[in-house]
Number of protein chains: 2
Amino acid sequence: MTAPIYDRVALIGLGLIASSMFWAMKRAGLAGEVTGYARSAETRDTARRIGLCDRVCDSASEAVADADLVVLAVPVGAMAAVAAEIAPHLKPGATVTDVGSVKQSVIDSVGPHIPEGVFFVPGHPLAGTEHSGPESGFAELFDNRWTLLVPLPDTAPEPVARLRGLWEGMGAHVDEMDPAHHDLVLAVTSHTPHLIAYTMVGVADDLRRVTDSEVIKYSAAGFRDFTRIAASDPTMWRDVFLTNKAATLEILGRFTEELFALQRAIRTGDGDQLFDYFTHTRAIRRGIIEAGQDTDAPDFGRVKAGS
Amino acid sequence: MTAPIYDRVALIGLGLIASSMFWAMKRAGLAGEVTGYARSAETRDTARRIGLCDRVCDSASEAVADADLVVLAVPVGAMAAVAAEIAPHLKPGATVTDVGSVKQSVIDSVGPHIPEGVFFVPGHPLAGTEHSGPESGFAELFDNRWTLLVPLPDTAPEPVARLRGLWEGMGAHVDEMDPAHHDLVLAVTSHTPHLIAYTMVGVADDLRRVTDSEVIKYSAAGFRDFTRIAASDPTMWRDVFLTNKAATLEILGRFTEELFALQRAIRTGDGDQLFDYFTHTRAIRRGIIEAGQDTDAPDFGRVKAGS
Ligand SMILES: NC(=O)c1ccc[n+]([C@@H]2O[C@H](COP(=O)([O-])OP(=O)(O)OC[C@H]3O[C@@H](n4cnc5c(N)ncnc54)[C@H](OP(=O)(O)O)[C@@H]3O)[C@@H](O)[C@H]2O)c1
Ligand SMILES: NC(=O)c1ccc[n+]([C@@H]2O[C@H](COP(=O)([O-])OP(=O)(O)OC[C@H]3O[C@@H](n4cnc5c(N)ncnc54)[C@H](OP(=O)(O)O)[C@@H]3O)[C@@H](O)[C@H]2O)c1
């Protein structure tokens, strides 16, 4: 255990990401005192009951007073209001970061609220699960996953390096990127896949001639992987699509173009085109496994439920 | 261990499904002698080396001679040729089944080759992984998964009941269904999801402005689940789409219709529509978990690679 990187950290929002950060900071002794705040009394009570945060506060302003690092861990669409609320209470020299899944929109909406003398270093851990809320977090969530920092061009290097140290201490690898590129990369690796999964599950749910109970029983043939992604938090994902509109629509356009080409190959019976397409996508999977970003165990090595 | 259900079983094709059947039959003592055949000497050699089958034969006709059950476990497009080859060598009173992922097309192409006095009971285990080949099988593959039998209307009940007993002995639940309904259900729960996953991975691989190395590093945000599905065998999936054309195109049509509605909601900023859509898809996930068809552990409880 080394010296803490920040003496006081405030977590605003106490869901999956904030609670995982808390346990990961504790695991490695990265923070002195960690305060926390969530808007609902229910979440604050849960946090107190499970020991999430050293001190759970009843207002955001109380939580951020004296904090060296403030982490905004609420849905992207709620960031601006939270930033406005805490701004007057931020300590000079403090750093504000966020964990939102979209970056340009957070920079545009949070940035103007950050007072002179406080550093704003936007960030995004590329790690999550389909669960949410204060009880869903765990210390290992960020281990061997990437966190992207999106510092503004005029931010001093020291606060960025310190935040990088925190993420590395929580087990993550860290890259820096500009916001437009971040939002495009995420549209490909996360946002469009989520929209597609939600859509496929919606179609299955909607069909008259195939019952929900059939879909459920026979899901193991591929569909159930989509349902995991489509079980993610609706508020979070609504905000992602509303705030990463341009990049998502661009990737969706590419997706439907390719899908129509494959649909045409099916209609015309062009087996060679299908075979070639299905062959070249395998290289990406191999790369992901070699990079340690997924397991090669069949079916993710998942525990077989019910057997 | 009970008495074997079949004295002699012949497996034609020695890939993921056939090898899993072999280990599952051995686990429960369901078959006396199991013979096997695959078209390539390489696969036959591998099978001999790893003890897959009691006897590996150098021709399909040798493998099926005297068999009480013959299992066609080759890609759907290859079934007819295999059936034609073995037909003259089938024992009167034997049962032929298959494990192909599409049923109407197999019935149309294999059925005419089955001689008088031999029973043909098409089947399809709804279980698989992204791996293929003789070394990818394991005895537990079918445990707690569904196998669909698609008997022809004029087939005697006894051979169907006996085959059902075999699948149940291998750990599966069994339902019966007519071929058109089977092909529609599978278009929803398997075939269209696979096509969509292949397409999304293809799009990611193709973008100029996002490198493959970025896609690979940052895949944990959702995309990597798609890459698992899109790593499945290209020959098998080419044949599935060529032979389940009508149902796949129907479901694809529904899918693009819904996707366009969501795309429009993103473009117009209709957050309520997105939120409602993302909310109602969660019930299906809950149903799948309650039915024991998937684990509720975050991220499938997958083993974290590389950490
Ligand atoms: N989940 C992921 O996979 C993932 C991955 C990377 C980044 N992120 C980002 O991380 C952030 C938090 O996500 P999460 O998964 O931790 O969410 P979560 O588990 O759903 O928790 C969200 C937290 O934000 C609070 N909150 C919700 N709406 C609010 C509002 N309008 N005003 C103030 N507070 C509000 C909630 O308070 P109550 O509990 O009181 O309702 C809760 O404490 C989001 O920006 C998301 O984009 C998520
Ligand atoms: N994988 C799944 O998830 C899954 C699930 C349910 C049903 N199925 C169905 O099960 C069947 C077998 O799939 P699998 O996953 O076991 O496949 P696999 O692991 O790729 O094995 C296929 C076997 O078929 C043989 N084969 C391939 N092309 C052939 C041809 N043109 N003529 C004769 N033999 C040929 C191969 O021989 P060599 O080894 O000599 O090349 C191999 O032994 C397919 O009909 C598939 O639709 C698959």
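Residues numbered from 1 in each chain as written. Chains lettered and ligands numbered in written order. Predicted model: local features only at pLDDT ≥ 70, side-chain atom pairs only at ≥ 80, totals over all residues. Heavy atoms only, no water.

- The name that an unreviewed UniProt entry assigns to chain A is prephenate dehydrogenase, with the source organism given as Pukyongiella litopenaei.
- Under the Pathway (unreviewed entry) heading, UniProt states for chain A: "Amino-acid biosynthesis; L-tyrosine biosynthesis; (4-hydroxyphenyl)pyruvate from prephenate (NAD(+) route): step 1/1."
- What the UniProt record of chain A gives under Sequence similarities (unreviewed entry) is the line "Belongs to the prephenate/arogenate dehydrogenase family." (UniProt positions renumbered as here; feature names shortened; annotations may be inferred.)

**Comments concerning the overall build of chain A**
Now for step 1: Helix and strand content of chain A: 13 helices and 9 strands.
Now for step 2: Taken over C-alpha atoms, the radius of gyration comes to 21 Å for chain A, in line with the 19 Å a tight globule of 307 residues would show.
Now for step 3: Summarising its shape, the C-alpha atoms of chain A cover approximately 65 × 45 × 35 Å along the three principal directions.
Now for step 4: In chain A, which comprises 307 residues, the share counted as buried stands at 60%.
Now for step 5: In chain A, the proportion of contacts linking residues at least 24 apart, taken out of those at least 6 apart, comes to 73%.
Now for step 6: Accessible area of chain A: about 10900 Å², with a carbon and sulfur share of 51%.
Now for step 7: For chain A, the distance from the average position of its 28 positive side-chain charges to the average position of its 41 negative side-chain charges is 6 Å. (Helix = DSSP H or I, 4+ residues; strand = E, 2+ residues; numbered from the N terminus. Rg over C-alpha atoms; globule rule 2.2 N^0.38 Å. Buried < 20%, exposed > 50% of the residue type's maximum accessible area, 1.4 Å probe, protein only. Contact = heavy atoms within 4.5 Å. Areas by Shrake-Rupley, 256 points an atom, 1.4 Å probe, with all protein chains shown as cover. Lys, Arg positive; Asp, Glu negative; His and termini not counted. Charge placed at Lys NZ, Arg CZ, Asp CG, Glu CD.)

**Structural notes on the site of ligand 1**
Residue and element names in this part refer to chain A.
Now for step 1: The immediate surroundings of ligand 1 are formed by 26 residues, with Ser40, Thr43, Val74, Ser101 and Gly133 found nearest.
Now for step 2: A distance of 3.0 Å is found between an oxygen atom of ligand 1 and a side-chain nitrogen or oxygen belonging to Arg39.
Now for step 3: Summarising the interface, the protein chains cover 84% of the accessible area of ligand 1, which totals 900 Å² for the free molecule.
Now for step 4: Broken down by secondary-structure element, the contributors of at least two residues to the shell around ligand 1 are helix H1 (16-28) and strand E7 (123-125).
Now for step 5: A class-by-class count of the residues in the shell around ligand 1 yields 14 nonpolar, 11 polar and 1 charged. (Near = heavy atom within 4 Å. Polar contact = N/O pair within 3.5 Å; in protein donor to acceptor, adjacent residues only side chain to side chain. Nonpolar A, V, L, I, M, F, W, Y, C, P; charged D, E, K, R; others polar.)

**Brief notes about the sheet that holds strand E5 (residues 95-98) of chain A**
Residues and elements named next belong to chain A.
Now for step 1: Here 6 strands make up an open sheet; going across it, the order is E3-E2-E1-E4-E5-E6 and the pairing parallel. Strand pairing shows two members of the sheet lacking a second neighbour, strand E3 (55-56) and strand E6 (119-120), which therefore form its edges.
Now for step 2: Of the strand pairs in this sheet, E5 and E6 are connected by 2 bridges, and their pairing is parallel. Across the sheet, Thr95 pairs through a bridge with Phe119, a residue of E6. (Pairing = 2+ DSSP bridges.)

**With respect to the nonpolar core**
Now for step 1: A:Val70, A:Phe226, B:Val70 and B:Phe226 are the most contacted members of the largest nonpolar core, which has 136 residues in total.
Now for step 2: B:Val70 has contacts with B:Ala10, B:Ile12, B:Val64, B:Ile86, B:Leu90, B:Thr95, B:Val96 and B:Thr97, leaving out every residue within four places of it along the chain. (Core = buried A, V, L, I, M, F, W, Y, C linked by side-chain atoms within 4.5 Å.)

**Some details on the relation of the copies chain B and chain A**
Now for step 1: Superposing chain B onto chain A takes a rotation of 180 degrees combined with a translation of 0.0 Å along the rotation axis, leaving an RMSD of 0.0 Å. Seen this way, the second copy is the image of the first under a two-fold rotation axis. Across chain B, the smallest distance between a C-alpha and the rotation axis is recorded for B:Arg302, namely 2.7 Å.
Now for step 2: A share of 100% of the interface residues of chain B reappears at the interface of chain A, consistent with the copies meeting face to face through the same patch. (Least-squares fit on C-alpha atoms with pLDDT ≥ 70 in both.)

**Focus on the sheet that holds strand E8 (residues 146-149) of chain A**
Residue and element names in this part refer to chain A.
Now for step 1: Spatially, E7-E8-E9 is the arrangement adopted by the 3 strands of the open sheet, whose pairing is mixed. In this open sheet, the two strands that pair with only one neighbour each are E7 and strand E9 (173-176). Neighbour-to-neighbour, the strand axes of this sheet turn through a mean angle of 20 degrees, independent of strand direction.
Now for step 2: Where E8 lies against E9, 4 bridges are found, and the strand directions are parallel. Its bridge partner lying in E9, Trp146 is registered against His173. (Axes fitted to C-alpha atoms, helices over the stretch in contact; angles between N-to-C directions.)

**Describing the site of ligand 2**
Residues and elements named next belong to chain B.
Now for step 1: Surrounding ligand 2, one finds 26 residues, the nearest of these being Ser40, Thr43, Val74, Ser101 and Gly133.
Now for step 2: Ile17 has a polar backbone atom sitting 2.9 Å from an oxygen atom of ligand 2.
Now for step 3: At 2.6 Å from an oxygen atom of ligand 2 is found a main-chain nitrogen or oxygen belonging to Val74.
Now for step 4: Surface burial for ligand 2 is 84%, taken as the share of its 900 Å² of free accessible area covered by protein chains.
Now for step 5: Put simply, the parts of the chain that give the shell around ligand 2 at least two residues each are helix H1 (16-28) and strand E7 (123-125).

**Some points on the interface of chain B and chain A**
Now for step 1: Across the boundary between the two partners, chain B contributes 115 residues, which contact 115 residues of chain A.
Now for step 2: Regarding the contact of chain B and chain A, the summed buried area is about 11000 Å², with carbon and sulfur atoms giving 68% of it.
Now for step 3: On inspection of chain B and its partner chain A, the count reaches 14 salt bridges.
Now for step 4: For the interface between chain B and chain A, the tally reads 35 residue pairs in polar contact (both at pLDDT 80 or more).
Now for step 5: Taken together, the elements giving at least two residues each to the side of chain B that touches chain A come down to strand E8 (146-149), helix H7 (179-206), helix H8 (212-217), helix H9 (223-229), helix H10 (234-243), helix H11 (245-268), helix H12 (271-280) and helix H13 (282-290) of chain B.
Now for step 6: Here the element with the most residues in the side of chain B that touches chain A is H7(B); it accounts for 22 residues.
Now for step 7: Here the side of chain B that touches chain A is built from residues that sort into 55 nonpolar, 31 polar and 29 charged. (Buried area = accessible area lost by both parts, 1.4 Å probe. Salt bridge = Lys/Arg side-chain N within 4 Å of Asp/Glu carboxyl O.)

**As for the packing of helix H12 (residues 271-280) of chain A against H10(B)**
The packing of two helices is summarised by the inter-axis angle and the distance between the axes.
Now for step 1: Two numbers describe how H12(A) lies on H10(B): the axes approach to 9 Å, and their chain directions differ by 140 degrees. What the angle tells us is that H12(A) and H10(B) run oblique. The two elements H12(A) and H10(B) cross, and the hand of that crossing is right-handed. Touching A:Gly271, A:Leu274, A:Phe275, A:Phe278 and A:Thr279 of H12(A) are B:Pro234, B:Thr235, B:Trp237, B:Arg238, B:Phe241 and B:Leu242, all from H10(B).
Now for step 2: For the contact of H12(A) with H10(B), the per-class residue count stands at 7 nonpolar, 3 polar and 1 charged. (Parallel < 35°, antiparallel > 145°, perpendicular 65-115°, else oblique. Left-handed = near helix turned anticlockwise from the far one by under 90°.)

**Section: the packing of aromatic side chains**
Now for step 1: Enumeration over the complete set of coordinates arrives at 16 aromatic pairs over all chains.
Now for step 2: Between A:Phe142 and A:Trp167, the ring centres sit 5.0 Å apart and the planes meet at 90 degrees, which makes this aromatic pair edge-to-face. In this pair, A:Phe142 is assigned in the loop between E7 and E8 and A:Trp167 in helix H6 (residues 157-169), connecting sequence segments 25 residues apart.
Now for step 3: By relative accessible area, A:Phe142 is classed as buried at 1%.
Now for step 4: Taking the centre distance of 6.0 Å and the plane angle of 80 degrees together, the rings of A:Trp146 and B:Tyr218 count as edge-to-face. Pair noted here: A:Trp146 is in strand E8 and B:Tyr218 is in the loop between H8 and H9, and the two residues belong to different chains. Like A:Trp146, the residue B:Tyr218 is buried in the burial classification.
Now for step 5: One aromatic cluster in this structure is built from A:Tyr198, A:Trp237, A:Phe241 and B:Phe278. (Phe/Tyr/Trp six-rings, centres within 6.5 Å; stacked < 30°, edge-to-face > 60°.)

**As for the pattern of salt bridges**
Residues and elements named next belong to chain A.
Now for step 1: Applying the stated rule across the entire model yields 50 salt bridges over all chains.
Now for step 2: Among the salt bridges present, the one from Glu135 reaches Arg49, with a minimum N-O distance of 3.6 Å. A residue pair is termed long-range when its members are at least 10 positions apart, and Glu135 in the loop between E7 and E8 and Arg49 in helix H2 (residues 41-50) qualify at 86 residues.
Now for step 3: Its relative accessible area of 54% is what places Glu135 among the exposed residues.

**Brief notes about the domain arrangement of chain A**
Residue and element names in this part refer to chain A.
Now for step 1: Structurally, chain A comprises domain 1 (6-177) and domain 2 (181-301).
Now for step 2: For domain 1 and domain 2, the distance between their C-alpha centroids amounts to 30 Å.
Now for step 3: Across the contact, 20 residues belong to domain 1 and 18 residues belong to domain 2.
Now for step 4: Note on domain 1 versus domain 2: buried area summed over both sides is about 1400 Å², and carbon and sulfur give 59% of it.
Now for step 5: Counting across the domain 1 and domain 2 interface gives 1 salt bridge.
Now for step 6: Between Glu130 and Arg228 there is a salt bridge, with its nearest N and O atoms 2.8 Å apart. (Domains from an automatic or database assignment.)

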